[in-house]
Each structure stands twice: as structure tokens, then as C-alpha cells.
Amino acid sequence: MTDLSSVAGSDSSLRTFLHGLPGVDQVGAEGRAAALATRSIKTTAKAWAIDTAISMVDLTTLEGADTDGKIRSLCAKAKRPDSSDPTAPAVAAVCCYPDLVATAVDALRGTSVGVASVATAFPSGRASLETKLHDVRDAVAAGASEIDMVIDRGAFLSGRYLQVFDEIVATKAACGNAHLKVILETGELATLDSVRRASWLALIAGGDFIKTSTGKITPAATPPVALVMLEAVRDYAELTGELRGVKLAGGIRTSKEAVRYLVMVNEVADDRWLTPHLFRFGASSLLNDLLLQRHKLATGSYDGPDYVTVD
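Read on for an overview of the structure.

Cut-offs used in this document
Residues numbered from 1 in each chain as written. Predicted model: local features only at pLDDT ≥ 70, side-chain atom pairs only at ≥ 80, totals over all residues. Heavy atoms only, no water. Helix = DSSP H or I, 4+ residues; strand = E, 2+ residues; numbered from the N terminus. Rg over C-alpha atoms; globule rule 2.2 N^0.38 Å. Buried < 20%, exposed > 50% of the residue type's maximum accessible area, 1.4 Å probe, protein only. Contact = heavy atoms within 4.5 Å. Areas by Shrake-Rupley, 256 points an atom, 1.4 Å probe, with all protein chains shown as cover. Lys, Arg positive; Asp, Glu negative; His and termini not counted. Charge placed at Lys NZ, Arg CZ, Asp CG, Glu CD. Axes fitted to C-alpha atoms, helices over the stretch in contact; angles between N-to-C directions. Parallel < 35°, antiparallel > 145°, perpendicular 65-115°, else oblique. Nonpolar A, V, L, I, M, F, W, Y, C, P; charged D, E, K, R; others polar. Expected span 1.5 Å × (residues − 1).

Quick look at the overall build of the protein chain
Argument step 1. A tally of regular secondary structure across the protein chain gives 12 helices and eight strands.
Argument step 2. Over its C-alpha atoms the protein chain spans a radius of gyration of 19 Å, differing by no more than 12% from the 19 Å that the globule rule assigns to 311 residues.
Argument step 3. If you line up the protein chain on its principal axes, its C-alpha atoms span 60 × 45 × 35 Å.
Argument step 4. Here the protein chain, with 311 residues, has 53% of them falling under the buried criterion.
Argument step 5. Counting contacts in the protein chain only where the partners sit at least 6 residues apart, residues at least 24 apart contribute 74% of the total.
Argument step 6. Summed over its atoms, the accessible surface of the protein chain is roughly 13000 Å², and 52% of this surface lies on carbon and sulfur atoms.
Argument step 7. Of the side chains in the protein chain, 32 bear a positive and 37 a negative charge, and the two mean positions are spaced by 3 Å.

In C-alpha cells form, the structure reads like this:
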């Protein structure tokens, strides 16, 4: 297994490593992603895929108008997504702002559902490091089991790779036992080469997950971006023996999209990543469509939108 610690000694050593990664053939990546999207699966496999996708959802609300009541309602849905069917799996986590973590922790106590909190001056990442770390410590102290941080895209795009690396390392340390998801905000990175470099930088710095987006920027998660990020965690695992996760967030609203991404996970990485421990969807409306499709498979008929709760 390869030790990559020496790579992070300076901006120049990081630049040498990151710019030495194989370039991404954008046309090829788009073509492969499109080809994977044409795969069809049988009904029994579709039922498994829908339940698996539900179990991978980070049910998310990140609005300025969020209240304790909204968080409690979201947590109730996270624990039992389909109130009429106890066989529907719980989601992976509820994701909210740091000041609402304590409410979520209380509502989810005794369940398998985690509490994820955005932090580090989400969504811009524009703050001093000490302010960012204070944000993280507050969320962890309130009981967050997962932290979703944002990188400083300005620093990354300016080539200040060591600054970004050091901020991820410091954030990871502030997380304690909480898992760290590193948001790359791929819609601002412009090229798939930048997505590959940012993915590797986050992995080398200790991120437990690499995540596409804050959900505040368009485009967010796209198939070519997901392909490149899955290749990064696959290749990182082959090089180091360590399995790290991928979270797709922003713009994924339908069961069809979710199932296509699960096919991509299996084909590009492998079935080890087909678990909430290594793959997540950051979503709000996606869960409702998954539930509607799940019920359609079970009953053979479509339900109206009032079958599911509006978050």
C-alpha cells in the first residue's frame, strides 16, 4: 500500500502530484456516463435498488426559514419514510444547520439515523479558519455524527492547494469521532480535471467522503462528475487500501436518476460502495419519488402526490 503523506509537504509537491494525475477525457467521460444510463434492470433488482437508495438518503433542509418544528417533522419522516409501510427502510441521516443539530439529535435518539451538519461557513466557505472550526466544534458538541464542510474554491482555483489541504486536515481534527464529508462544489470547478484534482486533494487530506455540491450552485451533481469522483475513490482504494465514500447532492429528484447512479457506482467502483457507509444522496424531494415508485412496484398502480408528505 502507498503512503501519500509526503505529497502534502508544500504547494509545489501537491501541485506536482495533482497535476500529474491522468487528464480526464471529457467526451469519453460524458459518453461512458450516458452509456451507463441506458442500462435496464429487472423488477426484483429495481425493488432492491429503490430500498437501497432510500437507505442512502441524507434527508436535507438548509433554508434560512428552518425551524425546530420542521426539523422534528423531517426526523419523523427519516425514521419512518412511509407511515403506512413499516418495511420501508429508514434514511441514512438528516442534514441541517449547526444550530438545529440538537433538535435533530433529540428527535432521532435511539434510531439508526445519523445527524449531519453543514459547517465551515456553508455554502461559500468564505471565513477565517478559526471561524470555520468554531462552526464545526459547535455542531459536534451538539451531537452531530457527520460534518459536511465546504472547501475554499477560491484558494483551490488559485492553486493554493496546501491551504485547502491544511483546512481539511484541521476540520477533520475538529470533527473528533464525527465523519467528515468534503464538499467540492463541482459546479464552480469548471473542468473535470479540476474535479479529479479536488477529489484527490480531499482524500489525501483525510476526508471520509467527497461530496459534489452544496445544492446552492447549478450545475450540481451530474453523471460525468459522479463518474470522475467514483474513479477517484476507487483508485485511491487501490493505491492505499482505504475505502472512502462519495455523496451526490443537488438536482437529483427522481428514482430513475438514483437507480442510474447506483448502476454507475457498481460499474465504476464496485459493489463495496453500494452501502450508506460509502455512498449517499443529499436530497429532499428525491425521497418522495422513491416512495411513490416503491409503492407502485408493490401495488401495480400509481398514487397521487398526496401519498407522501411534503417536506
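Resuming the write-up.
As for the packing of helix α2 (residues 26–36) against helix α10 (residues 223–240)
Argument step 1. At a minimum axis separation of 8 Å, α2 and α10 run at an interaxial angle of 100°. Between α2 and α10, the angle falls in the class roughly perpendicular. Touching A29, E30, R32, A33 and L36 of α2 are P223, P224, L227 and E231, all from α10.
Argument step 2. Grouping the amino acids of the contact of α2 with α10 by side-chain chemistry returns six nonpolar, no polar and three charged.

A word on helix α12 (residues 286–299)
Argument step 1. Taking 1.5 Å of rise per residue, the 14 residues of α12 would be expected to cover 20 Å, and the 20 Å separating its terminal C-alpha atoms lies within 8% of that figure.
Argument step 2. Within α12, 10 of the 14 residues are buried, which leaves it mostly tucked inside the rest of the structure.
Argument step 3. Elements in contact with the buried residues of α12: α3 (43–55), β1 (57–60), α4 (68–79), α11 (255–268) and β8 (279–283).
Argument step 4. One or two steps after α12, the chain reaches G300, where phi turns positive at roughly 85°.

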